[in-house]
Amino acid sequence: MLPLVGVLDAARAQQIMENLLGKVVERQARVAIIDVTGVPHIDAASASAVLQVARAVRLLGAQVVLTGIRPEVSRAVVGLDIELGGVVVRRDLQSGIAFASAAGSPAAPPPA
């Protein structure tokens, strides 16, 4: 899980990407949650940065769950015509964790 708080600029996005990718590999994560509850606003550059992180995580074989999008951030993403393809979006961190728990659990064994 990666909680983002404050302004997201290019340098911070690069640092976030490096840290998250390292943790995904280290922990062999199946799901990575990016929580943007603490991001006060989003512009084209910060939205692009988050989506670049999400694409990089998906290239490592993990599912990305984006949580905590507030109404003003949602309006900005739609207004900027940003495509969230391949990213699971959940209302809040709790529902993102529930999704990750279900997605990360091993498949049930076939019936005997």
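The preceding data block contains the structure.
Attention here is on the structure that accompanies the text. (Residues numbered from 1 in each chain as written. Predicted model: local features only at pLDDT ≥ 70, side-chain atom pairs only at ≥ 80, totals over all residues. Heavy atoms only, no water.)

1. Side note on helix α1 (residues 10-27)
Given 3.6 residues per turn, any residue in an α-helix points the same way as the ones three and four places further on.
Okay, so step 1: The terminal C-alpha atoms of α1, which comprises 18 residues, lie 26 Å apart, in line with the 26 Å expected from a rise of 1.5 Å per residue.
Okay, so step 2: Among the residues of α1, A13, I16, M17, L20 and V24 are the ones counted as buried. Projection of α1 onto a plane perpendicular to its axis shows the buried side chains occupying an angular sector of 105°, all on one side. Facing away from the buried surface of α1 by more than 90 degrees, the exposed residues are A11, Q15, E18, N19, V25 and E26.
Okay, so step 3: Buried residues belonging to α1 abut β1 (2-5), β2 (31-38) and α2 (44-59).
Okay, so step 4: Directly after α1, the chain includes Q28, whose backbone phi takes a positive value near 50°. (Helix = DSSP H or I, 4+ residues; strand = E, 2+ residues; numbered from the N terminus. Expected span 1.5 Å × (residues − 1). Buried < 20%, exposed > 50% of the residue type's maximum accessible area, 1.4 Å probe, protein only. Arc of directions from axis to C-beta. Contact = heavy atoms within 4.5 Å.)

2. What to know about the sheet that holds β2
Hydrogen bonds between backbone atoms are what pair the strands of a sheet, whose relative direction is either parallel or antiparallel.
Okay, so step 1: Read across the open sheet, the four strands follow the order β1-β2-β3-β4; overall the sheet is parallel. In this open sheet, the two edge strands, each paired with only one partner strand, are β1 and β4 (88-90). Strand after strand, the sheet turns through a mean of 25° between neighbouring axes, direction not considered.
Okay, so step 2: Where strand β3 (residues 63-67) meets β4, three bridges bridge the pair, whose relative direction is parallel. If you follow T67 over to β4, its bridge partner there is R90.
Okay, so step 3: Running over the sheet, α1 touches β1 and β2 and is turned about 170° from β1.
Okay, so step 4: Together, β1, β2 and β3 form the strand contacts of α2, whose direction differs from that of β3 by roughly 150°. (Pairing = 2+ DSSP bridges. Axes fitted to C-alpha atoms, helices over the stretch in contact; angles between N-to-C directions.)

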